[in-house]
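What follows is each chain in one-letter form.
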Amino acid sequence: MLSIIKPHIIKALVIIAVILGSGFGYVSGFFSPIDNGLSGLRMGLTSRPASQSIVLLEIDNRSLSAIGTWPWKRSIYAKIVQESFSHGAEELAFDIDFSAQSSKEEDYLFAQALENAPGPVTLAIFQQYQDSQKGNHTVQINRPIAQLNENAWAATVNVLADSDGIVRRFPYAQMMDDELVSSLAASLGEYQTLHQGDFLIDMSIRASSVPVYSIIDLLEGRLDPNIFASKKVLVGAGAAELRDTLAVPLYGMMTGPLLQVIAAESLMQGRDLQPLPPKWLGLMSAILLSVVAVLLFLIRRPLFAKLGLLALLGIVIEIVAFAIYLNSRYVAETALLQAQLVSLGTMTVLLEVRLKSLLLSLSRKHNQSLVNLLETIVEDSFSGILICSQDGKLLEVSDEARSVLSGLGYQARKEALIGDALPPALQSALQTCLRKPQDYGKSHDLQEVTLHRPVRGAESERNWEELILEYSLTPSLVSPKDDKAKTNGDQWVATLIFHDVTKERQEKRRLAYLADHDALTGLYNESGFCQTVDQTMIENLEENALILACEVRRLDKIQHSLGSAYGDLLIQKITRELSSLNAFDLMGCGPQKELLFCKFGAGEQDVDRLSALIADVMEAPLSLRGHQVIAGSFIGVADFHDGGQLAEEVSRAAIVAMNRSKEVGGTYLRYTSDLAADVMHRRVLEREIIDAVDRKEFEMHYQPQTSLANGNIIGCEALIRWNHRDLGMIRPDLFIPIMEESGMIVDVGRWILDQVCMDAAAWNKPINVAANVSAIQFARSDILEDVDKSLQKTGLKTQRLQIEITESLFIADPDAIIKSLKALQSRGIAIALDDFGTGYSSLSYIHQFPLDKIKIDQAFVKHLPASMDSMAVINAIVALARNFEMDIVAEGVETAEQWEILRLAGCHIGQGWHFGKPMPNADFANLLVQQETNQDQSIVA
């Protein structure tokens, strides 16, 4: 009876052990890798096409090569927005980080594109962990900058990687600063419910069926105009160098944006998978154990039959799981059930064979297997491993160690003495460890050694290269294997494990160098320059130093005409020339390629000399691959008495002076408190001008243009004025450059055309009106369309509008400018060249550009009649204009005597305070009425 009961007790204990063990494995997540593998296998056995309603617009290698250095300008993304919707996109999303500020102009252009987008645009939010202290992690939420965030939707792009680093799940939504934000996948996948939680991505949806296009094809117009019709477009990184790749099931690696599309497709197709609820899994487990218990313990069958039944059950379980996966949104985690089957099968085998005999057999082979295994591990290890006995012989040598030491000229092999097989540094380390192993302890601290590896066929004087090894040493006490060796007692061995970290250390040094040096010039960058100056001032107890900032004046023109590579060559050559002077203690290069110089102990008496040294180099002709160029310079100077207490403050002050020197001229400009006040005033204007149009603070004034023959008003020039609510009237030379730098001049220019045409259309006398158009407006907008719209809206006759341009327009794209000017002339609009003789004027420009009028700059008029030089210039301009059949307008006429001289010289029209100051529209309209009245009275008389 006892013999019958005992086996049943054992079998019951086996089932209980299987239940407890499998339950613990399930709760602890031990089965998760198996379940993940089985889920991936099921997904791999089927294939689903993408819906084609989501398109991936990819930043691929071709786009990077065509557009240039990453990160791209925000204006490029603005163009992507415009082009995507023009190609029929229903919705647009960006899987790109816009949390950092770009330039004000670039951010403005992108924000405008978002605001004007005809459909919704979604930008990315993401969390990242930032180590604030060792062991302390803080969460940082990166959002698009406020200027962009105001005009776009937001969605999270964080992915949920499992412990093995593979991404299988995506969130529906995530908490961001106490706000529940939808994920990008949920947004694209039209998932309406906003709640936390995640889902398994159905990787059976073929990535190859997702429509993918290159951004450069979109921007360069190579895509069908309706290719995105009624589709959602996701813009993201695809190029390998952008490193936006993730480990995923089936595919191995996949780009982050493509995975976002697959996740969105899962939601759209109702394939956002969820694990089968635990209660169902528990029920299946109970049923399985009951069936298995009957089969294994109550029914007498041969061992192989029982194992065959278990295998059949395992197959049935997987078939059911596969059917659940195909026909529902659930994934059955069958690893628990399979583990129970394997455990029960194993227990059955152990109960039905001679367990003791099996264990004895395994025990006999255990030691030898371990020895063989350890030898194999050592030999095949990617690390260099050396095991050395106390008598200095090598017991084990890994293949990696043998390879590295062979490159150093040493032959490391078993039984070799370390004195012959290792470099002296490693010999010494092993000998120290084995000499007093008890004192050495079981230290695993990493140490480094730098060795010299011979280079074959080296052409330079140095015929070796650096090899840096990171190693650890561990002493171990081992017992002898046989009785003969036991007489000598226990012995020590030392294990040396090393890795070649040469590339890592060299890269670390390179990055450390680039952290405070400029890559192009090899000089300190702005940060490194300032830190070095501050450190030197403290160490040498310096009380003052001069810091000079220099901008290459003609750099942009040289790059425009010869190419950006020549600009880099110019900067490098200037750097070498200035360094060779040995006149400065320190040189640096700022982020805008402005050069920085420091002279310790220098004072006011040294400013002229040091500035002249820089200017002489910058004004001297330089040869760049056969091209002779003159760089030119703008120089600003500051010291620690006026500029600040830290080098960063003084450098900023020198740069402020440098920028202002562009306006005032001279060899250099010294930083003063008055200059700082001017800069603060400019910053106020930059801030206030943004809303000036909305506040209706801009107004148009008109200055009469008078016939020098009879004194009648025959036209006028429209001049913009800014009447600030607090600051009063602001000079145009202060605010117009700000509008041109920010790009506002384009929108303000359109407003000027509208206002000028509207005012002129209401005057009682149909005289001509001249509107100034900036070179920026020509470059960034369609001037023909702007002019046509203004004329159509106001009804002004085309022949009454004149366009005034400045000579700065000549350095832009001449072919496109000539085409636009000729198109304006064909409409009957006259073109006038303003400020002639002060800029880039030459006979070639006059010949090439279609001009109707030349305006003589007031600089040549104001010295009349005293200046013979001015008179000679005016006569030359008049002769030139006559040859080209152009009208001549003289600016700055302030006296009757100047009027008469200019009339006799052949000028047709005069403009200046003698005929009338610039005045508001109402006053100018009254002036026209008064002139007409006076003319009528003179006729009657």
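The preceding data block contains the structure.
No experiment lies behind these values; they were computed from the predicted model shown. (Residues numbered from 1 in each chain as written. Predicted model: local features only at pLDDT ≥ 70, side-chain atom pairs only at ≥ 80, totals over all residues. Heavy atoms only, no water.)

Participant: Quick rundown of the pairing of strand S25 (residues 621–624)? Include the residues and the values.
Facilitator: Side chains Leu622 and Leu624 of S25 all project onto a buried face; the interleaved residues Pro621 and Ser623 project onto a face where none is buried. Remark: two residues form the turn of the hairpin made by S25 and strand S26 (residues 627–630), two consecutive strands paired antiparallel; arginine 625 in that turn has positive phi of roughly 50°. (Buried < 20%, exposed > 50% of the residue type's maximum accessible area, 1.4 Å probe, protein only. Helix = DSSP H or I, 4+ residues; strand = E, 2+ residues; numbered from the N terminus. Pairing = 2+ DSSP bridges.)

Participant: So what's going on with the packing of helix H33 (residues 868–883) against helix H34 (residues 896–905)? Residues and values would help.
Facilitator: Between H33 and H34, whose axes approach to 10 Å, the crossing angle comes to 40°. Overall, the two elements H33 and H34 adopt an arrangement that is oblique. In terms of crossing hand, the pair formed by H33 and H34 is right-handed. Each of Met871, Ile874, Asn875, Val878 and Arg882 in H33 lies in contact with H34, whose residues at this interface are Ile901, Leu902 and Ala905. The residue inventory of the contact of H33 with H34, partitioned by class, reads six nonpolar, one polar and one charged. (Axes fitted to C-alpha atoms, helices over the stretch in contact; angles between N-to-C directions. Parallel < 35°, antiparallel > 145°, perpendicular 65-115°, else oblique. Left-handed = near helix turned anticlockwise from the far one by under 90°. Contact = heavy atoms within 4.5 Å. Nonpolar A, V, L, I, M, F, W, Y, C, P; charged D, E, K, R; others polar.)

Participant: Describe the pattern of salt bridges, listing the residues and the values that go with them.
Facilitator: When their charged atoms lie close together, side chains carrying opposite charge are able to pair. Within this structure, the stated rule accounts for 46 salt bridges. Across the salt bridge formed by arginine 169 and aspartate 162, the nearest N and O atoms sit 3.4 Å from each other. Exposure remark for arginine 169: the relative accessible area of 24% places this residue in the partly exposed category. (Salt bridge = Lys/Arg side-chain N within 4 Å of Asp/Glu carboxyl O.)

Participant: Account for the side chain of serine 389, naming residues and giving values.
Facilitator: Its location among the elements puts serine 389 in strand S16 (residues 384–389). Serine 389 has contacts with Leu395, Leu434, Trp492 and Val493, leaving out every residue within four places of it along the chain.

Participant: Go over the sheet that holds strand S19 (residues 464–478), please, and point to the residues and values.
Facilitator: As summarised here, the arrangement of the five strands in space is S17-S16-S20-S19-S18, forming an open sheet in which the pairing is antiparallel. Either end of the sheet is taken by a strand with one partner, and the two such strands are strand S17 (394–397) and strand S18 (447–454). Within the sheet, the average angular offset between the axes of one strand and its neighbour, ignoring direction, is 25°. Judged from the three bridges that link them, S16 and S17 form a sheet pairing that is antiparallel. Bridge pairing links isoleucine 387 to glutamate 396 in S17. Helix-sheet contacts for helix H14 (residues 399–407) involve S16, S17, S18, S19 and strand S20 (491–500), and the interaxial angle to S16 is about 95°.

Participant: Hey, could you go over the packing of aromatic side chains for me, with residue numbers and the actual values?
Facilitator: Counting across every chain of the model gives 21 aromatic pairs. On the numbers, 5.0 Å between centres and 80° between planes, the contact of tyrosine 77 with phenylalanine 98 is edge-to-face. With a gap of 21 residues between them, tyrosine 77 in helix H4 (residues 74–86) and phenylalanine 98 in the loop between strand S2 (91–94) and helix H5 (104–116) connect regions that are remote in the sequence. Both residues of the pair, tyrosine 77 and phenylalanine 98, belong to the buried class. (Phe/Tyr/Trp six-rings, centres within 6.5 Å; stacked < 30°, edge-to-face > 60°.)

Participant: Mind laying out unusual backbone geometry, listing which residues take part and the relevant values?
Facilitator: Of note, the bond from leucine 864 into proline 865 is cis; its omega dihedral lies within 30 degrees of zero at 0°. For leucine 250, which is not glycine, the phi dihedral falls at a positive 70°. Classification of leucine 250 by relative accessible area gives partly exposed; the value is 46%.

Participant: Can you tell me about the sheet that holds strand S24 (residues 595–600), naming the residues and giving the values?
Facilitator: With mixed pairing, the six strands of this open sheet are ordered in space as S21-S23-S24-S22-S27-S28. A single partner strand is all that each edge strand has here, and the edge strands are strand S21 (524–525) and strand S28 (669–670). Alignment of strand S22 (residues 545–552) against S24, held across six bridges, turns out to be antiparallel. Directly across from cysteine 550, in S24, lies its bridge partner leucine 595. Where helix H22 (residues 564–580) meets the sheet, its contacts fall on S22, strand S23 (586–589) and S24, and the angle it forms with S24 comes to roughly 10°. Along the sheet, helix H24 (residues 647–664) makes contact with S22, S24, strand S27 (633–639) and S28, crossing S27 at roughly 140°.

Participant: Hey, could you go over a nonpolar patch on the surface for me, with residue numbers and the actual values?
Facilitator: Together, Leu309, Leu312, Val316 and Val320 line one region of the surface with nonpolar side chains, adding up to about 300 Å² of accessible area. Structurally, leucine 312 is set in helix H11 (residues 303–327). (Patch = residues over 30% accessible without salt bridge, like charges linked within 9 Å, V, L, I, M, F, W, Y side chains within 5 Å. Areas by Shrake-Rupley, 256 points an atom, 1.4 Å probe, with all protein chains shown as cover.)

Participant: A description of the packing of helix H27 (residues 744–761) against helix H29 (residues 783–794) should follow, citing residues and the corresponding values.
Facilitator: Relative orientation of the contacting elements H27 and H29 amounts to 30°, with a least axis distance of 9 Å. The interaxial crossing formed by H27 with H29 has right-handed handedness. Contacts from Arg750, Leu753, Asp754, Cys757, Met758 and Ala761 of H27 reach H29 at Ile783, Asp786, Val787, Ser790, Leu791, Lys793 and Thr794. When grouped by side-chain class, the residues that make up the contact of H27 with H29 number seven nonpolar, two polar and four charged.

Participant: Summarise H27; cite the residues concerned and give the values.
Facilitator: Every α-helical turn comprises 3.6 residues, leaving residues that sit three or four positions apart pointing alike. Across its 18 residues, H27 extends 26 Å between first and last C-alpha, which sits within 8% of the 26 Å expected from 1.5 Å per residue. Listed as buried for H27 are Met744, Ile745, Val746, Val748, Gly749, Ile752, Leu753, Gln755, Val756, Cys757, Asp759 and Ala760. (Expected span 1.5 Å × (residues − 1).)

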